[in-house]
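Coordinate analysis (summary)
If you want the building blocks of each chain, they are given just below.
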Amino acid sequence: MPEDNGAAPEPTTTEDTAAPDREDVAAIAAEAADFKDRLVRTLAEMENLRKRTAREVADARQYAVASFARDMLTVADNLKRAIAAVPAQKRENGDKDLISLIEGVEVTERGLEQSLTKYGVKAVDAKGTKFNPDLHQAMFEAETADVPAGHVSEVVQTGYVIGERMLRPALVAVAKAPSKPAPANDDAPAAAAPASEEAKVEETQGAADAGSAGTPPPESA
């Protein structure tokens with residue numbers, strides 16, 4: 001057994017067991033609140049960063065082909081011109097080789113349109129719609145009563161969008177109200193009526209009197 005020195009344990013004073021003072025409690029609470037605020041801010045920033053990164057990745061996937069798709073629109077235009085260059089009469093009465101060639105071009109044109117649609121490229125439906133400078137490029141104005149003024153009356157070249165962005169504006173003609181014919185001028189003075197016989201006699205008599213007085217007679221009307 002350990003040797004007992006006979007020393008009694010020191011009594012615990014009230015100073016050792018006293019609770020922390022109010023200043024220490026307030027400081028600890030303020031520090032905890034600060035740490036909590038920092039944690040909440042960090043979590044919010046990380047969530048915003050995650051959303052922004054996901055959006056940028058989605059945009060990169062969708063719009064990375066914008067330049068390539070814009071170049072392919074020229075190919076689509078040429079295919080449409082090739083199809084439109086063959087009159088309908090020749091297509092109906094032409095030989096089988098010509099018909100097969102045109103059908104092959106049409107199939108190619110439809111396949112290209114489907115491929116562009118797959119990557120979010122869509123044609124702008126412009127004709128008859130209100131002119132929108134974000135989607136349309138005005139080439140000229142056309143007087144017409146078929147569509148309201150300020151609307152697209154004719155599409156010169158089809159426009160395209162990719163996603164929510166414009167890929168190529170539509171070249172259009174903008175309608176304006178037909179000019180009205182000039183109204184008849186009712187206020188114009190009426191043509192002078194032929195002088196009556198009495199007036200002619202008076203005018204002739206006045207001219208004779210003037211001649212006798214040595215003054216030149218006025219020119220008769």
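Predicted, not measured: the structure shown is a model, and the values here were computed from it.

So, about the overall build of the protein chain. In terms of regular secondary structure, the protein chain is built from five helices and six strands. Sorting the 221 residues of the protein chain into buried and exposed places 18% on the buried side. Carbon together with sulfur atoms contributes 55% to the accessible area of the protein chain, which is approximately 17600 Å² in total.

Turning next to the sheet that holds strand 3 (residues 152-157). The sheet built from three strands is open, its strands ordered 2-6-3 with mixed pairing. Both outer strands of the open sheet, strand 2 (136-143) and strand 3, are each paired with one neighbouring strand and no more. On average, each strand axis in the sheet is inclined to that of its neighbour by 30°, with strand direction left out of account. With seven bridges joining them, strand 2 and strand 6 (residues 170-176) adopt parallel strand pairing. Looking across to strand 6, one finds that Glu-141 is bridged to Val-174.

Here we come to the nonpolar core. Taken as a class, soluble globular proteins show a tendency for nonpolar side chains to be buried jointly. Counting residues in each nonpolar core, the largest one holds 14 residues, and the members touching the most others are Leu-73, Leu-116, Val-121, Ile-162 and Leu-167. Only helix 2 (66-84), helix 4 (96-118) and strand 4 (160-162) provide two or more residues apiece to this core. Setting aside anything within four residues of it in sequence, one finds Leu-73 in contact with Leu-116, Val-121, Tyr-160, Leu-167 and Arg-168. Counting seven residues, the second-largest nonpolar core is a separate cluster that includes Ala-126, Val-152, Val-172 and Val-174.

Turning to the side chain of His-151, a few remarks are in order. By the secondary structure assignment, His-151 is in the loop between strand 2 and strand 3. Residue classification places His-151 among the buried residues on the basis of a relative accessible area of 17%. Among the polar contacts made by the side chain of His-151, one reaches the main-chain carbonyl oxygen of Ala-149 at a distance of 3.5 Å. Dropping the residues within four chain positions of it, His-151 is found in contact with Gly-128, Thr-129, Lys-130, Phe-131, Ala-173, Val-174 and Ala-175.

Turning our attention to the confidence of the model for the protein chain. Close inspection of predicted coordinates is inappropriate for parts of the model with low pLDDT. Of all residues in the protein chain, 72% have pLDDT values of 70 or greater, and the mean over the chain is 78. Considering only residues more than four positions removed or in separate chains, one finds that residues 190-194, a stretch of pLDDT under 50, has zero contacts. Every residue in residues 210-221 scores below 50 in pLDDT, and together they form seven contacts with partners more than four places removed in sequence or on other chains.

An ideal rise of 1.5 Å per residue puts 33 Å on 23 residues; helix 4 measures up with 33 Å between its terminal C-alpha atoms. Considered for burial, the residues of helix 4 that qualify are Ile-102, Val-105, Glu-106, Glu-109, Leu-112 and Leu-116. Against helix 2, helix 3 (88-93) and strand 1 (121-123) lie the buried residues of helix 4. Downstream of helix 4 by a residue or two, Gly-120 has a phi angle that is positive, lying close to 85°.

Here we take up the environment of Glu-106. For Glu-106, the location among the structural elements is in helix 4. With 24 residues separating them along the chain, Glu-106 and Ala-82 place their C-alpha atoms 9.2 Å apart. Here Glu-106 is in contact with Ile-83 and Arg-91, once residues within four sequence places are set aside.

This part covers a nonpolar patch on the surface. A cluster of nonpolar side chains, Met-139, Phe-140 and Val-156, forms an exposed patch at the surface whose accessible area comes to about 270 Å². Structurally, the position occupied by Phe-140 is in strand 2. Taking relative accessible area as the criterion, Phe-140 reaches 39% and is therefore assigned partly exposed.

Strand order in the open sheet made by the three strands is 1-4-5, with antiparallel pairing throughout. Each edge of the open sheet is held by one strand with a lone partner, namely strand 1 and strand 5 (165-168). With strand direction ignored, the average angle separating the axes of adjacent strands in the sheet is 35°. With three bridges joining them, strand 4 and strand 5 adopt antiparallel strand pairing. Note on strand 5: the bridge partner recorded for Ile-162 is Arg-165. Those strands touched by helix 2 are strand 1, strand 4 and strand 5, and its axis lies near 45° from that of strand 5.

What counts and what doesn't
- Residues numbered from 1 in each chain as written.
- Predicted model: local features only at pLDDT ≥ 70, side-chain atom pairs only at ≥ 80, totals over all residues.
- Heavy atoms only, no water.
- Helix = DSSP H or I, 4+ residues; strand = E, 2+ residues; numbered from the N terminus.
- Buried < 20%, exposed > 50% of the residue type's maximum accessible area, 1.4 Å probe, protein only.
- Areas by Shrake-Rupley, 256 points an atom, 1.4 Å probe, with all protein chains shown as cover.
- Pairing = 2+ DSSP bridges.
- Axes fitted to C-alpha atoms, helices over the stretch in contact; angles between N-to-C directions.
- Core = buried A, V, L, I, M, F, W, Y, C linked by side-chain atoms within 4.5 Å.
- Contact = heavy atoms within 4.5 Å.
- Polar contact = N/O pair within 3.5 Å; in protein donor to acceptor, adjacent residues only side chain to side chain.
- pLDDT = per-residue confidence, 0-100.
- Expected span 1.5 Å × (residues − 1).
- Patch = residues over 30% accessible without salt bridge, like charges linked within 9 Å, V, L, I, M, F, W, Y side chains within 5 Å.
- Salt bridge = Lys/Arg side-chain N within 4 Å of Asp/Glu carboxyl O.

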